[in-house]
Amino acid sequence: MLPRFTNETPITVRMLLNHHSGIPGDFFNGMFTVAPWSGFSACLRQALALDYPTMPPNTIYFYCNSGFVLAGDVIAEVSGETFPAYMQERIFGPLGMDSSSFLCDKAAISNRLARSYADGQLQVDEMMNGYATGAMYSSAPDMARFIRMLLARGQWDGSPILGTNAFDAMIEPQGAGLPLNVGHNASGLGWDSVRDGNLDYAGRVFWKDGATFFHCAFVGCLPDQKLGVIVLQNTSGSQCDSIGIRALQWATLDKIGLHWVTNFVPPLLPAASRPQAELDAMAGVFAGRGYHRVIAEPGSLTLVHNAHLDSPAIHTNLVPRSNGWFAVSDSARSEIVVTNIGERILLMARFAEEWGQDTSIIGERVEPPVFSAAWSNRLNRIFIARQIHPDDILF
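Owing to the predicted nature of the structure, the values given are computational and were not obtained by experimental measurement. (Residues numbered from 1 in each chain as written. Predicted model: local features only at pLDDT ≥ 70, side-chain atom pairs only at ≥ 80, totals over all residues. Heavy atoms only, no water.)

A. Highlighting the overall build of the protein chain. Looking only at helices and strands, the protein chain features 10 helices and 17 strands. For 395 residues, the compact-globule estimate of 2.2 N^0.38 gives 21 Å, and the C-alpha radius of gyration of the protein chain, at 23 Å, lies within 12% of that figure. By the burial criterion, 37% of the 395 residues in the protein chain qualify as buried. Long-range pairs, those at least 24 residues apart, make up 52% of the contacts in the protein chain with a sequence separation of at least 6. (Helix = DSSP H or I, 4+ residues; strand = E, 2+ residues; numbered from the N terminus. Rg over C-alpha atoms; globule rule 2.2 N^0.38 Å. Buried < 20%, exposed > 50% of the residue type's maximum accessible area, 1.4 Å probe, protein only. Contact = heavy atoms within 4.5 Å.)

The structure is reproduced here in structure tokens:
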């Protein structure tokens, strides 16, 4: 990649697996096509060679499909096999997962392939060419075998599929000591979450989800309870996560009589006076996914969330509380704060969930640059993307 930050540490395979690489996360040109394309990973590497990192490595969790594709390329390079062939040899074959592959190359797959739907309408069958980041075909019985292996800490019929050290490393929380990882949930190696407030009450947890345009899946396990679930969906609009998590909660209740947390109410702390100069210093534009604006009012703050939209969400009369956060006068279910982490000035939010409060970074304060004449002249003009893969599903 092109240089952007000074004193960058090297990107490791671990960073690819735990979403801390700083590599741009999504490159969709040719990832989803109407016909198989084996050249996607090479195209991705060419694009990354001309791109910049989004953050220095090992700075913050940010989901990265590109990292998983590159991790699959590492496996291919080290093993001398293609990634699909390696997975067949090491995982699918030993587990007897005869309906599973990263290619539509088995009769057990092609003869009963789930069709794609959106809004009740049949869609074209999509081919996912970023193999290691979500191209796996499988079935419920095959995934049950996979879950049984995981619940046995990598063992299958007395033989190791995964080493116990590798299994333990997979479900160890990653990036826990990094200041910018402010939320409760934590990723593992390859797992989206190995700490989840919805399920922590039941012991250890690990789960992974994924979605394409017309398909999605969720696989989750509670190893201390020997429980696992797979949810598969062949329509747009993913409901897999909510179904999967609730299924694990009900299964825990059935097995050990332990109910999930449902009654958390955040305490409403008393209002606190803050000097107007402090409020004025918090005002500004904050860039994250989109941009947001904080406006200082007399004695309070106003948040314009997603200020770039035609109809942004506007939250007014956010008054300071004794804990340093800002909330409306009659509820603490959502709070914001402008604070420093290192040299960054961040807008953060805290929301009440079923199980407790979770924190996230909304954006970092930026000074909006003045538009150059070249960019101003591009406003209100239509641009057509070229060099899109001819079989791209969006072409």
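B. The nonpolar core, seen in detail. In this structure, Met87, Leu95, Met149, Leu150, Ile171, Trp191 and Phe206 are the most contacted members of the largest nonpolar core, which totals 40 residues. Among the elements of the structure, helix 2 (40-49), helix 3 (65-79), helix 4 (83-95), helix 6 (140-151), helix 7 (164-170) and strand 8 (216-222) are those that each provide at least two residues to this core. Per-element tally for this core: the top contributor is helix 4, with 6 residues. Beyond its immediate sequence surroundings of up to four residues, phenylalanine 206 is in contact with Leu150, Phe167, Ile171, Trp191, Ser193, Val194, Val219, Gly220, Cys221 and Pro223. (Core = buried A, V, L, I, M, F, W, Y, C linked by side-chain atoms within 4.5 Å.)

C. Spatial organisation of the packing of aromatic side chains. Evaluation of the coordinates by the stated rule reveals 12 aromatic pairs. Centre to centre, the rings of phenylalanine 27 and phenylalanine 40 are 6.1 Å apart; their planes meet at 35°, and the pair counts as tilted. Of this pair, phenylalanine 27 sits in the loop between helix 1 (13-18) and strand 1 (32-33) while phenylalanine 40 sits in helix 2, and the two are 13 residues apart along the sequence. Note on phenylalanine 167 and phenylalanine 206: the rings are 5.9 Å apart at their centroids and 80° apart in plane angle, and the pair reads as edge-to-face. (Phe/Tyr/Trp six-rings, centres within 6.5 Å; stacked < 30°, edge-to-face > 60°.)

D. Structural view of the pairing of strand 9 (residues 227-233). Burial of the side chains of strand 9 is restricted to one face: Leu227, Val229, Val231 and Gln233 are buried, whereas none of Gly228, Ile230 and Leu232 on the reverse face is. The loop that links strand 8 with its antiparallel partner strand 9 comprises 4 residues; one of these, lysine 226, has a positive phi angle of about 55°. (Pairing = 2+ DSSP bridges.)

E. Just the packing of helix 2 against helix 3, in detail. Axis separation between helix 2 and helix 3 bottoms out at 10 Å; the angle between their running directions is 120°. Taken as axis vectors, helix 2 and helix 3 run oblique relative to one another. Every pair of crossing elements has a handedness; the one defined by helix 2 and helix 3 is left-handed. For the pair formed by helix 2 and helix 3, the contact residues are Phe40, Ser41, Leu44, Arg45 and Leu48 on the first element and Ser66, Val69, Leu70 and Asp73 on the second. Its residues assigned to classes, the contact of helix 2 with helix 3 comprises 5 nonpolar, 2 polar and 2 charged. (Axes fitted to C-alpha atoms, helices over the stretch in contact; angles between N-to-C directions. Parallel < 35°, antiparallel > 145°, perpendicular 65-115°, else oblique. Left-handed = near helix turned anticlockwise from the far one by under 90°. Nonpolar A, V, L, I, M, F, W, Y, C, P; charged D, E, K, R; others polar.)

F. Quick peek at empty space enclosed by the protein. One pass over the structure, following the stated rule, counts 1 cavity of 30 Å³ or more. Here the largest cavity defines a volume of roughly 50 Å³. Forming the walls of the largest cavity are His19, His20, Ser21, Gly22, Ile23, Thr54, Met55, Ile60, Phe62 and Cys64. Grouping the amino acids of the lining of the largest cavity by side-chain chemistry returns 5 nonpolar, 5 polar and no charged. (1 Å grid on protein atoms, 1.4 Å probe; cavity = no way out; pocket = protein on both sides within 12 Å on 5 of 7 lines; lining within 4 Å. Points joined across faces, edges and corners; volume = space filled by probe spheres on them.)

G. Here's a closer look at a nonpolar patch on the surface. Residues Val13, Val74 and Val78 make up a contiguous nonpolar surface patch of roughly 250 Å² in combined accessible area. Using a relative accessible area of 72% as the deciding quantity, one classes valine 78 as exposed. (Patch = residues over 30% accessible without salt bridge, like charges linked within 9 Å, V, L, I, M, F, W, Y side chains within 5 Å. Areas by Shrake-Rupley, 256 points an atom, 1.4 Å probe, with all protein chains shown as cover. Salt bridge = Lys/Arg side-chain N within 4 Å of Asp/Glu carboxyl O.)

H. Just the sheet that holds strand 9, in detail. Overall, antiparallel pairing links the 3 strands, which are arranged 7-8-9 in an open sheet. Both edges of this open sheet fall to strand 7 (206-211) and strand 9, since each of them pairs with a single strand only. Averaged over all pairs of adjacent strands, the angle between their axes in this sheet comes to 0°, without regard to strand direction. Here strand 8 pairs with strand 9 via 7 bridges, running antiparallel. Its bridge partner being in strand 9, leucine 222 is matched across the sheet by leucine 227. Running over the sheet, helix 8 (residues 240-256) touches strand 7, strand 8 and strand 9 and is turned about 150° from strand 9.

I. Molecular detail of the pattern of salt bridges. Under the definition given, this model contains 10 salt bridges. Notably, a salt bridge pairs arginine 153 with aspartate 168, separated by 2.7 Å at the nearest N-O pair. In this pair, arginine 153 sits in the loop between helix 6 and strand 5 (155-156) while aspartate 168 sits in helix 7, placing the two residues 15 residues apart along the sequence. A salt bridge links glutamate 335 to arginine 350, with the shortest nitrogen-to-oxygen separation between them at 2.9 Å. Remark: arginine 350 occurs in strand 16 (residues 344-352) and glutamate 335 occurs in strand 15 (residues 334-341); sequence separation between them is 15 residues. Across the pair, arginine 350 and glutamate 335 agree in class, each one buried.

J. Representation of the side chain of threonine 302 within the structure. Among the structural elements, threonine 302 can be located in strand 12 (residues 300-305). Of the residues examined, threonine 302 reaches a relative accessible area of 6% and is grouped as buried. Within the local environment of threonine 302, its side chain forms a polar contact with the side chain of glutamate 297, the two groups lying 3.3 Å apart. (Polar contact = N/O pair within 3.5 Å; in protein donor to acceptor, adjacent residues only side chain to side chain.)

K. Inspection of the environment of serine 99 at higher detail. Its place among the elements puts serine 99 in the loop between helix 4 and helix 5 (107-110). Serine 99 gets classed as buried once you look at its relative accessible area, which sits at 9%. Remark: the alpha-carbon pair of serine 99 and arginine 112, spanning 13 residues in sequence, is separated by 9.6 Å. Apart from the residues within four sequence positions on either side, serine 99 is in contact with Ala108, Ile109, Arg112, Tyr137, Ser138, Ser139 and Asp142.

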